[in-house]
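# Inside the fold
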Amino acid sequence: MKMTGKAFAKKLFGAKYERLPRTLFMDVIVFWGLYISGFQVQIASFIRVLMISAFTAGVMWQALSSKDNAVELTAMLMLPYRRREFVFSYVGVLGAYTVLTKTGLLFAVLMAVSAWKPVDLVAMLLCMIHAVLMAAAVYSMRKYWYVGGLWTAVIVSAILCMTIPDTEMLSLDSIIFGNEVLVDLLLLVNGLFAVLILWRADGYDFYQKESRKSHGKTYHVVRQGKRATLWRYFFRYLSCHKNYLLNTAVMWCVALVLPCFFREMTVLSVIPVGFAILSFNTPVCILLSCDPDLEQALRFLPGQKRRFCIPYCLFIFLCNMAADVIFLCSWRIQNGSVTVQMTAGAVFFALQSAVLSVLLEWFYSIRDWKIESDLWHHPRKYVVPVVMLLLAGAVLACPVLLYALLVLLVVEIAVLLFIL
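Values in this document were obtained by computation on a predicted structure and should not be read as measured data. Along every chain, residues carry numbers that run from 1 in the direction the sequence is written. Side-chain atom pairs in this predicted model are given and counted only at pLDDT of 80 or more, local residue features only at pLDDT of at least 70, and totals for whole chains, interfaces and linings cover all residues. Processing note: side-chain calculations cover all non-hydrogen atoms of the structure and skip hydrogens and water entirely.

### Considering the overall build of the protein chain
So the rule is basically this: In this text, helices come from DSSP runs of H or I with a minimum length of four residues, and strands from runs of E with a minimum of two, each type numbered from the N-terminal end. Under the scheme applied here, a residue whose accessible area is under 20% of the maximum for its type counts as buried, over 50% as exposed, and between as partly exposed, the area being computed with a 1.4 Å probe on protein chains only. Here the Shrake-Rupley method, with its probe set to 1.4 Å, supplies the accessible areas, and only the displayed protein chains count as covering residues.
Counting secondary structure elements, the protein chain contains 18 helices and zero strands. Here the protein chain holds 420 residues, and 44% of them are scored as buried. Of the roughly 22500 Å² of accessible surface on the protein chain, 72% is carried by carbon and sulfur atoms.

### Concerning the confidence of the model for the protein chain
Where we set the bar: What pLDDT reports is the predictor's confidence in each residue, on a scale of 0 through 100. In this description, contact between two residues means that some pair of their heavy atoms is separated by no more than 4.5 Å.
On average, the protein chain scores 78 in pLDDT, and the residues at 70 or more come to 86%. Taken element by element, the protein chain is modelled with least confidence in helix 16 (residues 372-376), mean pLDDT 70, and with most confidence in helix 6 (residues 118-140), mean pLDDT 88. Confidence drops under pLDDT 50 across residues 166-178; counting only partners more than four residues distant or on other chains, this segment forms seven contacts. For residues 211-228, every residue scores under 50 in pLDDT, and the model assigns this stretch 26 contacts once sequence neighbours within four places are set aside.

### What about the packing of aromatic side chains?
This is how it is decided: Stacked, tilted and edge-to-face are the three classes assigned to paired rings of Phe, Tyr and Trp, where Trp is represented by its six-membered ring and a pair needs centres within 6.5 Å; plane angles under 30 degrees give stacked, over 60 edge-to-face, the rest tilted.
Taken as a whole and assessed by the stated rule, the structure comprises 16 aromatic pairs. A ring pair is formed by Phe31 and Tyr35, whose centres lie 5.8 Å apart and whose planes are at 15°; its orientation type is stacked. Of this pair, Phe31 and Tyr35 both sit in helix 2 (residues 19-37), four residues apart, which is roughly one turn of that helix. Judged by relative accessible area, which is 47%, Tyr35 ranks as partly exposed. Between Phe86 and Tyr90 the ring centres are 6.3 Å apart and the planes differ by 10°, which places this aromatic pair in the stacked class. Taken together, the residues Phe86 and Tyr90, both in helix 5 (residues 83-113) and four residues apart, mark about one turn of the helix. Note on accessibility: Phe86 and Tyr90 belong to one class, buried. Aromatic ring contacts, followed pair by pair, group Trp61, Phe86, Tyr90, Tyr139 and Phe206 into a single cluster.

### Some remarks on helix 2
We apply this condition: Here, expected helix span is obtained from the residue count minus one, scaled by 1.5 Å. Throughout, the arc means the angular range of directions from the helix axis out to the C-beta atoms.
Counted at 1.5 Å a residue, the expected span for helix 2 with its 19 residues is 27 Å, and the 27 Å between its end C-alpha atoms agrees. Among all positions in helix 2, only Arg19, Thr23 and Asp27 are buried. What you see down the axis of helix 2 is that its buried residues fit within an arc of 70°, all on one side. Exposed and oriented more than 90 degrees from the buried face of helix 2 are Phe25, Trp32 and Ile36. In the segment just after helix 2, Gly38 is the residue with positive phi, at about 80°.

### Side note on the side chain of Glu295
Take Glu295: it is sitting in helix 13 (residues 292-300). Of the residues examined, Glu295 reaches a relative accessible area of 7% and is grouped as buried. Not counting the four nearest positions on each side in its chain, Glu295 is found in contact with Leu288, Ser365 and Arg367.

### Quick word on the environment of Leu160
If you trace the backbone, Leu160 turns up in helix 7 (residues 145-163). Note on Leu160: relative accessible area 32%, which makes it partly exposed. Separated by 114 residues in the primary sequence, Leu160 and Phe46 have C-alpha atoms spaced 7.6 Å apart.

### Brief notes about the packing of helix 3 (residues 45-64) against helix 6
The criterion, for reference: Orientation is described by lines fitted to C-alpha atoms, with helices fitted over the stretch in contact, and by angles between N-to-C directions that extend from 0 to 180 degrees. By convention the crossing between two helices is left-handed if the near helix lies anticlockwise of the far one by an angle smaller than a right angle, and right-handed if it lies clockwise. The residue classification treats Ala, Val, Leu, Ile, Met, Phe, Trp, Tyr, Cys and Pro as nonpolar and Asp, Glu, Lys and Arg as charged. All others, Gly included, are polar.
Packing of helix 3 against helix 6 leaves a shortest axis separation of 8 Å and a crossing angle of 35°. Between helix 3 and helix 6 the crossing geometry is right-handed. Facing helix 3, whose interface residues are Arg48, Val49, Ile52, Ser53, Thr56, Ala57, Met60, Trp61 and Leu64, helix 6 presents Asp120, Met124, Cys127, Met128, Ala131, Val132, Ala135, Ala136, Val138 and Tyr139. Here the contact of helix 3 with helix 6 is built from residues that sort into 15 nonpolar, two polar and two charged.

### Focus on the packing of helix 2 against helix 5
To be explicit about the condition: Should an angle fall under 35 degrees it is taken as roughly parallel, and over 145 as roughly antiparallel, whereas 65 to 115 is taken as roughly perpendicular and any remaining angle as oblique.
At a minimum axis distance of 8 Å, the contact between helix 2 and helix 5 shows a crossing angle of 10°. The angle between helix 2 and helix 5 places the two elements in the roughly parallel class. Mapping the contact onto sequence places Arg19, Leu20, Thr23, Leu24, Asp27, Val30, Phe31, Leu34 and Tyr35 in helix 2 and Tyr97, Leu100, Thr101, Lys102, Gly104, Leu105, Ala108, Val109, Met111, Ala112 and Val113 in helix 5. Here the contact of helix 2 with helix 5 is built from residues that sort into 14 nonpolar, three polar and three charged.

### Some thoughts on helix 14 (residues 304-334)
The end-to-end C-alpha distance of helix 14 is 45 Å, a good match for the 45 Å that 31 residues give at a rise of 1.5 Å each. In the stretch just after helix 14, Gly336 is the one whose phi turns positive, near 140°.

### So, the side chain of Thr23
Its place among the elements puts Thr23 in helix 2. Excluding residues that lie within four positions of it along the chain, Thr23 makes contacts with Leu100 and Thr101.

### Quick look at the pattern of salt bridges
Here is the rule we go by: Every case where a carboxyl oxygen of Asp or Glu lies within 4 Å of a side-chain nitrogen of Lys or Arg is listed as a salt bridge.
If you walk through the whole model with that rule in mind, you get one salt bridge. The closest approach of N and O atoms between Arg299 and Glu295, which form a salt bridge, is 3.0 Å. Of this pair, Arg299 and Glu295 are both found in helix 13, four residues apart, which corresponds to roughly one turn of the helix.

### Describing the nonpolar core
Operational definition: Residues belong to one nonpolar core when they are buried, are Ala, Val, Leu, Ile, Met, Phe, Trp, Tyr or Cys, and are joined through side-chain atoms within 4.5 Å.
The biggest cluster of nonpolar side chains holds 60 residues, and the ones touching the most others in it are Phe234, Tyr237, Leu287, Phe308, Tyr312, Phe315 and Phe327. No other element matches helix 14, which puts 13 residues into this core. Ignoring any residue separated from it by four or fewer positions in sequence, one finds Phe327 in contact with Ala255, Leu258, Pro259, Phe262, Val270, Ile271, Gly274, Phe275 and Leu278. If you look at the next biggest cluster of nonpolar residues, it comprises 47 residues, including Leu77, Leu94, Leu110 and Ala137.

### Overview of the environment of Ala108
In this fold, Ala108 is placed in helix 5. You can call Ala108 buried: its relative accessible area is 6%. For Ala108 and Ile29, which are 79 residues apart along the polypeptide, the C-alpha to C-alpha distance reads 9.1 Å.

Okay, structure coming up:
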């Protein structure tokens, strides 16, 4: 078990575990910077439980389903192994990777900006362990996906029922304290149940079989001489990564509900910020980073910069524009009419974020990642949304600036076409 865990740990944390102290040091810096700033936010205990659990379970699921990690798993399964030792070492290393390198940053932020007690600290640590175990257990029985889905729905419903108190019956303090104890007991019992499922699991339960469609990486082939080939590649790329499609669908759902949250605000305070939020679609903006073979081929062959970057920019623009159109339609239904200025803002933010995303991918693609989860949570993904939020703030301060930004965007595209 020790040797198996060390093999996976060296792959995720580096040969000498050099990635782990660097990540923990960054978490400490973030915590200390936010703590000394004095910025405080009142966060209910059940919000912390849901945030920690959902984030940890999501990252753990991404780590388990990573195609890059599947290569290492396939090689390990070819060797003789002990079933239970292999399963728990594999889940333990992936869980440590998830908690220490991903959830640790969220944990540091929550600890810095909210008031907490030692019992809250124990509850959040328990949430992390529970999310890791449950995600691994549900993933191991994904052949019976309906059972895992029902189990997840029951646990989430139980947590929600226990953490939303009825203040009309008892005092608030006694209810919250009692509910925290009940939630901790529920997570403990359910975690032990997940351990029992993993106890009966086998290493092949975590193995991903390649479908015929993806065998040999046929969807990574980009032939020359046909204009529609790149577009066919983009859609094959999405069809072969169902979780990328799911993320896009989530962004469309966000576009539907944003007008509800912005109903009390004025139009100019909402629309640019909404467009900036909807540019936060990571999967479609990491095409070169997640496929080093494609990047190598594009950089090796002559004339590929213009041939690839322009269709890729249009592809991201259409993805962003689809979310913006849904947002505007939802705004029209719930809050009123859609003006020309709103439509111009949608075009500007969708196209500008697409241009910046393509430039980042071409000139600053991510190369030091271990598994696909690193791509989804790399700090670089915040660059474009932050720039869009800054531009949204500028438009809020001076609405006429939007038209100047549109002209500047046209000039920017013309310069890029000349350079490419």
